[in-house]
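# Structural overview
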Amino acid sequence: MTMKISRFNPDQLHQTPGYHHVTVVTPGRMAFLAGQCPLDPTGTLVGLDDLNAQIDQVAANALTALPAIGAEPKHVVRSVIYVVTQDREDLAEAWRRLNDSVIGPAFTTASTLLGVAQLGFSGQLVEVDLTVALPD
């Protein structure tokens with residue numbers, strides 16, 4: 001049986017800036033990636049005080065993790081993006097940069113973007129949590 005991913009926006013809900021309100025997967029296997037952090041392969045934080053550099057590293061890390069499970073960004077069915085900020089413009093910039101990144105197709109699905117007080121690593125400004133519907 002072939003997995004099918006359907007994404008849609010009910011007419012009764014507001015228009016979105018690119019993501020979909022609802023994602024349905026039938027049938028299939030799922031993978032849940034740990035939050036992707038802006039760390040290089042040695043575990044060193046990339047881009048201290050540079051949100052864009054950290055977003056680029058997070059995207060690169062996700063692009064490494066996805067093929068390891070036989071998936072691509074288009075197979076992401078849920079994303080949660082955490083940005084250390086209280087500024088909506090920072091959130092909007094993070095959304096734009098992620099959508100323009102190598103994993104941009106991951107953000108056409110059900111997605112949540114949050115401004116938070118802090119994340120797990122000292123100096124960390126962004127983290128992305130991805131849920132994936134694995135292809136057959």
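In what follows, the structure referred to is the one given above.
For the structure given in this document, a descriptive report is provided here. (Residues numbered from 1 in each chain as written. Predicted model: local features only at pLDDT ≥ 70, side-chain atom pairs only at ≥ 80, totals over all residues. Heavy atoms only, no water.)

Our focus in this paragraph is the sheet that holds strand β4 (residues 76–84). The pairing of strands in a sheet comes from backbone hydrogen bonds and takes either a parallel or an antiparallel form. The four strands are arranged β3-β6-β4-β5 in an open sheet whose pairing can be described as mixed. Both outer strands of the open sheet, β3 (29–32) and β5 (110–116), are each paired with one neighbouring strand and no more. Neighbour to neighbour, the strand axes of the sheet diverge by 10° on average, direction disregarded. Bridge analysis of β4 against β5 gives seven bridges, and the strand direction is parallel. Its bridge partner being in β5, S79 is matched across the sheet by S111. This element, helix α1 (residues 51–68), spans β4 and β6 (126–134) of the sheet and lies at about 25° to β6. (Pairing = 2+ DSSP bridges. Helix = DSSP H or I, 4+ residues; strand = E, 2+ residues; numbered from the N terminus. Axes fitted to C-alpha atoms, helices over the stretch in contact; angles between N-to-C directions. Contact = heavy atoms within 4.5 Å.)

A separate point is the side chain of Q124. Among the secondary structure elements, Q124 is positioned in the loop between β5 and β6. In this structure the side chain of Q124 is engaged in a polar contact, spanning 3.5 Å, whose partner is the backbone nitrogen of G120. Side-chain polar atoms of Q124 contact the side chain of E127, separated by 2.9 Å. Setting aside chain neighbours within four positions, we find Q124 in contact with C37, P38, L45, Q54, V84 and L119. (Polar contact = N/O pair within 3.5 Å; in protein donor to acceptor, adjacent residues only side chain to side chain.)

Put simply, α1 and helix α2 (residues 88–99) touch, their axes get as near as 10 Å, and they point 40° apart. Along this stretch, α1 crosses α2, giving a crossing that reads as right-handed. Every residue of α2 that contacts α1 at L51, N52, I55 and D56 is listed here: D90, E93, A94, R97 and L98. The residue inventory of the contact of α1 with α2, partitioned by class, reads four nonpolar, one polar and four charged. (Left-handed = near helix turned anticlockwise from the far one by under 90°. Nonpolar A, V, L, I, M, F, W, Y, C, P; charged D, E, K, R; others polar.)

No statement about biological role is implied by the geometric values presented.
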